[in-house]
Amino acid sequence: MYDDSAVKFETDVETRFGVSRRDFLKFCAAMAATMGLPKGADAQIAEAITKKERPSVIWLHHQECTGCSESLLRSEHPTLEKLILDIISLDYHETLFAAAGHQAEAARKAAMEKNKGKYILVVEGAIPMKDGGVYCKIGGQTSYELTKEVAEHAAAIVAVGSCASWGGMPSTPPNPTGSTGVGEALGRKDVVTIPGCPPNPYNILATIVHFLTFGSLPKVDELGRPTFAYGRLIHDNCERRSHFDAGRFALEFGDAGHRKGYCLYKLGCKGPETYANCPSILFNDVGTGSWPVGTGHPCIGCTEKHIGFEKPIHALATLKTNPPTSYPRIVEEQGAGATIASAALVAGVAGLAIGAGMKIAGNLGKSETKDGE
Ligand code: FSX
Ligand code: SF4
Ligand code: F3S
């Protein structure tokens, strides 16, 4: 266990990472919490980050907007980008590299040779497979060729963002370039995917920190997504959930319900069929409400294949969870009693045992709040 009271630790951390010991330990605790690790894991993480050799990371870009890198580098408190660039040895990253052209390609090849079998390959962006992959080329190689070459001797492959995970936005029908994700393009099942457009930077970093600390990638679901981040429905963690359960919905952007922070289901929120930790981990480190639904926009399901970028925003989400066993009181803030329609919704739902999700969906279509919101 690292003796965190040692002056040396403090000096090392401040010198190396440019953050205070306190901020560094907070960061390690945040990483442990993000991954749902037990007590003591933050000390293991601190020890690994400060003592172990920085893992070499080769970061490839293909069809994408670079929002994934932007999101990672714009994080604050403590300045996450400083930690990232000190926790890993970023040996190749097209948009951050000072080098260009042959120099950049030479740096990639040197890193691959030096760290053969030990480096992490991070892929951002989709891989076009149509017409021999000609729609995206880097240094004379197609995205597919380049990825295959780097993947061959990688210790782990991490697909960052929805594009790299399954094709994301570039693969939206009719998918003219035959875009797909890394796993499918390479025919590999061992690719860890961190979907989201962009993905939450803490999920990216936690995955890399897990590899650094424990020498393995985190547990994943059948889509290759770490279960610590994609194990729960957004809907089950959403701060507007009590409004959903009580039948209080925004029906139009800017209406009274929207202004009061009611549920966005009827505006097309895909939270009920989207697995991600957005409501609990939030974005941009600015505090409460800093995630799509928190700002009043329905979740578009950007972490889910065939939902984000494919299912229209006006289409209602498919409800995946059973109705709750208890409901909040249906009392409007202004003191009015339960509305007839929302009471009917509760009564209808409470009486159901089978096909509950479908029934709720039916009721939702009919229910209205008192002032027609
Ligand atoms: Fe895709 Fe990332 Fe969306 Fe953009 O690069 S997941 S388009 S945020 O940047 O790959
Ligand atoms: Fe939140 Fe959307 Fe679920 Fe409503 S439908 S509770 S806004 S996740
Ligand atoms: Fe994406 Fe929905 Fe989260 S749109 S960022 S999965 S809230």
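Residues numbered from 1 in each chain as written. Chains lettered and ligands numbered in written order. Predicted model: local features only at pLDDT ≥ 70, side-chain atom pairs only at ≥ 80, totals over all residues. Heavy atoms only, no water.

With respect to the packing of aromatic side chains
Thought 1: Throughout the structure, instances matching the rule amount to four aromatic pairs.
Thought 2: Both rings, one in Y92 and one in F97, keep their centres 5.5 Å apart while their planes meet at 70°; by these two values the pair is edge-to-face.
Thought 3: Look at F244 and Y265: their rings are 5.6 Å apart centre to centre, the planes differ by 75°, and that puts the pair in the edge-to-face class. One end of the pair, F244, is in helix α12 (residues 241-246); the other, Y265, is in the loop between α13 (256-259) and α14 (278-281), with 21 residues separating them in the sequence. Across the pair, exposure class does not vary: F244 and Y265 are buried alike.
Thought 4: The structure contains a cluster of three or more aromatic residues connected by ring pairs, namely F244, F249 and Y265.
Thought 5: Across the ring face of Y262, the terminal group of R248 is positioned such that the distance to the ring centre comes to 6.0 Å. (Phe/Tyr/Trp six-rings, centres within 6.5 Å; stacked < 30°, edge-to-face > 60°. Helix = DSSP H or I, 4+ residues; strand = E, 2+ residues; numbered from the N terminus. Buried < 20%, exposed > 50% of the residue type's maximum accessible area, 1.4 Å probe, protein only. Lys NZ or Arg CZ within 6 Å of the ring centre and 35° of its normal.)

Some remarks on the pattern of salt bridges
Thought 1: Taken as a whole, this structure holds eleven salt bridges when the rule is applied.
Thought 2: A salt bridge links K26 to D23; the shortest N-O distance between them is 3.8 Å. Taken together, the residues span about one helical turn, with K26 and D23 both in helix α2 (residues 21-34) at a distance of three residues.
Thought 3: Between R188 and D190 there is a salt bridge, and its shortest N-O distance comes to 2.8 Å.
Thought 4: Classification of D190 as partly exposed rests on a relative accessible area of 43%.
Thought 5: Each member of the salt-bridge network shares a partner with another, and the members are E105, R108, K109 and E149. (Salt bridge = Lys/Arg side-chain N within 4 Å of Asp/Glu carboxyl O.)

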